[in-house]
Structure formats: structure tokens, C-alpha cells
Amino acid sequence: MKLIELQQHLLALITGHTVACEDEEYVRLVQQSPHLITLRKIIALWRTYDLERACPLTSAFLKRQGMFDTQIQLFAQTAMSSPFIEAIAMAFLDLLAHDSSSYLASLAQFECALLRVKQGDEQVFRIAWPCDPYTLLAYTLGKHAILPPFTDGYETLVARAIPNLFQVVASGMKE
């Protein structure tokens, strides 16, 4: 087996994909190794740590809702892999931005827009919220005990030109 094939098989094993390589004894040994399970756990722990740091608002909300571990596991099963946390964070937020929970979707869209603006994106992002964004952020940060009620009519604008990078506006108001 060529080195590149061996590396591809090992990467597939580490990332949890099945490897059909019955003719290679080494790959079979690695596949059955308890060290492989340990390595996968370590990678998952680092990925979780990185996402908590890169997406603090969304992570905090998921934890308050008791959904953090489940969403991390779902993301790990379906998402792309990258050595760059910025790319992983964007993929995580993009996935959650389409969640059926409008609270989670709005928060993920907001955090994604903030990250893009901080990375130099000149676009103006407009995010609709199911409630007062400040109240949801206060809940997310543990300053309110219950989720705010649904109250349509709030949006945030996120852009480099806005002081503090975002502004809450009533829906329908002009920029």
C-alpha cells in the first residue's frame, strides 16, 4: 500500500468513516485498537472546547437549553472537517442558523454575522428575532431565568460601520 493510501485510510478511521481495506493488516489493527477510540474522544473534546470559545453566545444558549452535547454530536456526524476553527465555527453556526427553534436560529445568525464582520466582511447583515434581542441575550448569559416570550418586530443590523458592530431596530425601519 502506498503512503498516501495508508494516510487516507487512517484519516477515515480517525474521523469515524468506514474503511474497506481487508488486505492491509496494519489498518485492521488500528481499526480494532482502543487507542483509536481514545483519540476520537480527545478530538471530540478539543472540538467542543474550540466551538465553546469560538461561538460563546450560541454555546451558552445551547447549554441553557440542555442541547449543547446533542448539537455537538449532530454537528460532528454531519459537518465538514477543517484544521481551522474559524471554518468549523462558521459551519456550526450556519447549521444552527436553520434550526427549527427561532430563538436558536436568530442567535446563531447573529453570532455568525458578528464573526464575519470581525473578520473584515463589509456586508450589512439583517437578522430577524422572535423577541427582544437584548432579552434573549440576557437569558443566554444567565441574567434571566426564562426565555422571553415571542414578540415579533425586532431585527438587528450587524456591520463594521455600526458602533459596537450591531444595532437593534424595529422591523420595517430603514437602515
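Residues numbered from 1 in each chain as written. Predicted model: local features only at pLDDT ≥ 70, side-chain atom pairs only at ≥ 80, totals over all residues. Heavy atoms only, no water.

Engineer: How would you sum up helix 4 (residues 56–64)? Please name residues and give values.
Structural biologist: All of the buried residues along helix 4 are Leu57, Thr58, Ser59, Phe61 and Leu62. The inward-facing, buried residues of helix 4 contact helix 3 (34–54), helix 5 (68–78), helix 6 (85–96), helix 7 (102–118) and helix 8 (133–140). Positioned one or two residues after helix 4, glycine 66 has a phi angle of 70 degrees, which is positive. (Buried < 20%, exposed > 50% of the residue type's maximum accessible area, 1.4 Å probe, protein only. Helix = DSSP H or I, 4+ residues; strand = E, 2+ residues; numbered from the N terminus. Contact = heavy atoms within 4.5 Å.)

Engineer: Quick rundown of unusual backbone geometry? Include the residues and the values.
Structural biologist: Among all residues save glycine, negative phi is the norm, and among peptide bonds the norm is trans. One non-glycine residue, asparagine 164, adopts positive backbone phi at about 65 degrees. Relative to the helices and strands, asparagine 164 resides in the loop between strand 2 (154–158) and strand 3 (166–170). Judged by its relative accessible area of 70%, asparagine 164 is exposed.

Engineer: Provide a residue-level description of the side chain of glutamate 155, including the pertinent values.
Structural biologist: Of note, glutamate 155 is situated in strand 2. Reaching out from glutamate 155, the side chain makes a polar contact with the side chain of arginine 126 at a distance of 2.4 Å. (Polar contact = N/O pair within 3.5 Å; in protein donor to acceptor, adjacent residues only side chain to side chain.)

Engineer: Provide a residue-level description of a nonpolar patch on the surface, including the pertinent values.
Structural biologist: A grouping of Ile42, Trp46 and Tyr49 is seen on the molecular surface, where their side chains present a nonpolar patch of about 330 Å² in accessible area. You can see tyrosine 49 is positioned in helix 3. (Patch = residues over 30% accessible without salt bridge, like charges linked within 9 Å, V, L, I, M, F, W, Y side chains within 5 Å. Areas by Shrake-Rupley, 256 points an atom, 1.4 Å probe, with all protein chains shown as cover. Salt bridge = Lys/Arg side-chain N within 4 Å of Asp/Glu carboxyl O.)

Engineer: For the sheet that holds strand 3, give the residues involved together with the corresponding values.
Structural biologist: Strand order in the open sheet made by the 3 strands is 1-2-3, with antiparallel pairing throughout. Of all the strands in the sheet, just strand 1 (125–129) and strand 3 have a single pairing partner and so form its edges. For this sheet the average axis-to-axis angle between neighbouring strands, irrespective of direction, equals 25 degrees. As paired strands, strand 2 and strand 3 are joined by 5 bridges and run antiparallel to one another. Paired with valine 158 across the bridge in strand 3 is phenylalanine 166. (Pairing = 2+ DSSP bridges. Axes fitted to C-alpha atoms, helices over the stretch in contact; angles between N-to-C directions.)

Engineer: Could you give an account of the nonpolar core, naming the residues involved and the relevant values?
Structural biologist: Leu51, Cys55, Phe61, Phe92, Phe110, Leu136 and Val158 are the most contacted members of the largest nonpolar core, which totals 33 residues. Mapped by element, the contributors of at least two residues to this core are helix 3, helix 4, helix 5, helix 6, helix 7, strand 1 and helix 8. A total of 9 residues in this core trace back to one element, the largest contributor, which is helix 7. In contact with cysteine 55, other than residues within four places in its own chain, are Ala89, Phe92, Leu93 and Glu111. (Core = buried A, V, L, I, M, F, W, Y, C linked by side-chain atoms within 4.5 Å.)

Engineer: Residues and numbers for the packing of helix 3 against helix 6, please.
Structural biologist: At a closest axis distance of 10 Å, the pairing of helix 3 and helix 6 adopts a crossing angle of 75 degrees. If you check the angle between helix 3 and helix 6, you find them roughly perpendicular. Contacts from Arg47, Asp50, Leu51 and Ala54 of helix 3 reach helix 6 at Ile85, Ile88, Ala89 and Phe92. Tallied by class, residues from the contact of helix 3 with helix 6 come to 6 nonpolar, no polar and 2 charged. (Parallel < 35°, antiparallel > 145°, perpendicular 65-115°, else oblique. Nonpolar A, V, L, I, M, F, W, Y, C, P; charged D, E, K, R; others polar.)

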